[in-house]
Amino acid sequence: GQNIDQPTEMTATEGAIVQINCTYQTSGFNGLFWYQQHAGEAPTFLSYNVLDGLEEKGRFSSFLSRSKGYSYLLLKELQMKDSASYLCAPPQGANNLFFGTGTRLTVIP
Amino acid sequence: SQTIHQWPATLVQPVGSPLSLECTVEGTSNPNLYWYRQAAGRGLQLLFYSVGIGQISSEVPQNLSASRPQDRQFILSSKKLLLSDSGFYLCAWSVESTGELFFGEGSRLTVL
């Protein structure tokens, strides 16, 4: 596997900012994906970082450091609908994505 | 546009019974196809992937098998289900250039 490490659970307040960290064992393949998965549903794509640095997309931003095997997902202006699991997924080989167990985020009023 | 469908959405099967989950992709050619399983409260586990017709790679030893009889059809099967096969099964296809995965709606299997 990829030894993907994410916090199991996080709780944050509506309107706040939360950062979800992910560390992983580098495999020589570039890039890292973040997916969002609401309970009982399939994961949906959030972001893809192929190079080091910060990628911003609306309220969500994702950061990658390939040499350190480190990424984070930043969620701003949290909304109740952001309550979900967030999955960090570094590539493993040319055809495979491996997923961590995910971070279950609960947004409270 | 590309779409992916899998079925059935939900099924309850007795231990020892066979299983067949089907997945089809439309709007793309020669996609990479995947079967993942997610046990309750657990992460996504890659079961099989396929880069072409008749080409199947297995990631974990198990009593499940996969087949790709057509370019855009991927089937997950078992001859005899175990209790531990219960879970949420997801079919996915990927974009060759980036590896981004697009998931089907999922099939929830309960083995009793």
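See the structure printed just above.
Just so it is clear, the structure is predicted and the values come from calculations on it, not from any experiment. (Residues numbered from 1 in each chain as written. Chains lettered and ligands numbered in written order. Predicted model: local features only at pLDDT ≥ 70, side-chain atom pairs only at ≥ 80, totals over all residues. Heavy atoms only, no water.)

> Residue-level account of the interface of chain B and chain A, with values.
Across the contact, 21 residues belong to chain B and 17 residues belong to chain A. In total, chain B and chain A occlude about 1,500 Å² of area from one another, counting both sides; carbon and sulfur atoms represent 55% of this. Along the contact surface separating chain B from chain A lie zero salt bridges. There are two residue pairs in polar contact (both at pLDDT 80 or more) connecting chain B and chain A. Listed by contribution, the elements that provide at least two residues to the side of chain B that touches chain A are β4 (32–38), β5 (44–52), β9 (87–94) and β10 (101–103) of chain B. Its residues assigned to classes, the side of chain B that touches chain A shows 10 nonpolar, six polar and five charged. (Contact = heavy atoms within 4.5 Å. Buried area = accessible area lost by both parts, 1.4 Å probe. Salt bridge = Lys/Arg side-chain N within 4 Å of Asp/Glu carboxyl O. Polar contact = N/O pair within 3.5 Å; in protein donor to acceptor, adjacent residues only side chain to side chain. Helix = DSSP H or I, 4+ residues; strand = E, 2+ residues; numbered from the N terminus. Nonpolar A, V, L, I, M, F, W, Y, C, P; charged D, E, K, R; others polar.)

> Describe in detail the state of the cysteines, supporting the description with residues and values.
Residue and element names in this part refer to chain A. Per the counting criterion, the structure on display carries two disulfides over all chains. Between Cys22 and Cys88 runs a disulfide, and the two sulfur atoms are separated by 1.9 Å. Of note, the bridge from Cys22 to Cys88 carries an S-S torsion of about -65 degrees and is left-handed in sense. One end of the pair, Cys22, is in strand β2 (residues 18–23); the other, Cys88, is in strand β8 (residues 84–89), and 66 residues separate them in sequence. (Disulfide = S-S within 2.5 Å.)

> Break down the sheet that holds strand β5 (residues 53–57) of chain A for me, with residues and values.
Residue and element names in this part refer to chain A. The strand order across the open sheet formed by four strands is β2-β7-β6-β5, and the pairing between neighbours is antiparallel. Every other strand in the sheet has two partners, leaving β2 and β5 as the edge strands with one partner each. Ignoring strand direction, the axes of neighbouring strands in this sheet form an average angle of 15 degrees. Taken together, the five bridges between β5 and strand β6 (residues 60–65) define a ladder with antiparallel strand orientation. Across the sheet, Glu56 pairs through a bridge with Ser61, a residue of β6. (Pairing = 2+ DSSP bridges. Axes fitted to C-alpha atoms, helices over the stretch in contact; angles between N-to-C directions.)

> Any details on the sheet that holds strand β7 (residues 64–70) of chain B? Residues and values, ideally.
Residue and element names in this part refer to chain B. Spatially, four strands are ordered β1-β3-β8-β7 in an open sheet, and the strand pairing comes out antiparallel. Each of the sheet's edge strands pairs with one partner strand only, and the pair in question is β1 (3–7) and β7. Ignoring which end each strand starts from, the neighbouring axes of this sheet average 15 degrees apart. The sheet contact formed by strand β3 (residues 19–26) and strand β8 (residues 73–78) spans six bridges and is antiparallel. Among the inter-strand pairings, Leu21 is bridged to a residue of β8, identified as Leu76.

> Account for the packing of aromatic side chains, with residues named and values stated.
In the structure shown here, the tally under the stated rule is 16 aromatic pairs over all chains. Members of the aromatic cluster, joined through ring pairs, are Phe33, Tyr35, Phe45, Tyr48 and Phe99 of chain A together with Tyr34, Tyr36, Tyr49 and Phe103 of chain B. Sitting above the plane of the Phe88 of chain B ring, Arg108 of chain B keeps its charged end 4.4 Å from the centroid. (Phe/Tyr/Trp six-rings, centres within 6.5 Å; stacked < 30°, edge-to-face > 60°. Lys NZ or Arg CZ within 6 Å of the ring centre and 35° of its normal.)

> Give me the lowdown on the side chain of Ser85 of chain A, citing residues and values where you can.
Residues and elements named next belong to chain A. Structurally, Ser85 can be placed in strand β8. For Ser85, a relative accessible area of 18% translates into the label buried. Not counting chain neighbours up to four residues away, the residues in contact with Ser85 comprise Tyr35, Gln36, Gln37, Thr103 and Arg104. (Buried < 20%, exposed > 50% of the residue type's maximum accessible area, 1.4 Å probe, protein only.)

> For the nonpolar core, give the residues involved together with the corresponding values.
Judged by nonpolar contacts, the single largest core of 20 residues is most densely connected at Trp35, Phe48, Leu76 and Tyr89 of chain B. Breaking this core down by element, the ones donating at least two residues are β3, β4, β5, β7, β8, β9 and β11 (107–111) of chain B. The residues contacting Leu76 of chain B, other than those within four sequence positions of it, are Leu19, Ser20, Leu21, Trp35, Leu47, Phe48, Leu64, Ser65 and Tyr89 of chain B. Grouped together as the second largest cluster of nonpolar side chains are 19 residues, Ala12, Leu73, Tyr86 and Cys88 of chain A included. (Core = buried A, V, L, I, M, F, W, Y, C linked by side-chain atoms within 4.5 Å.)

> Please give an account of the pairing of β9 of chain B that cites residues and values.
Residues and elements named next belong to chain B. The element β9 is extensively covered by neighbouring structure, given that eight of its eight residues are classed as buried. Here seven bridges tie β4 to β9, and the two strands are oriented antiparallel to one another. Bridging across to β9, Gln38 finds its partner in Phe88. Pairing geometry for β9 and β10, over three bridges, is antiparallel.

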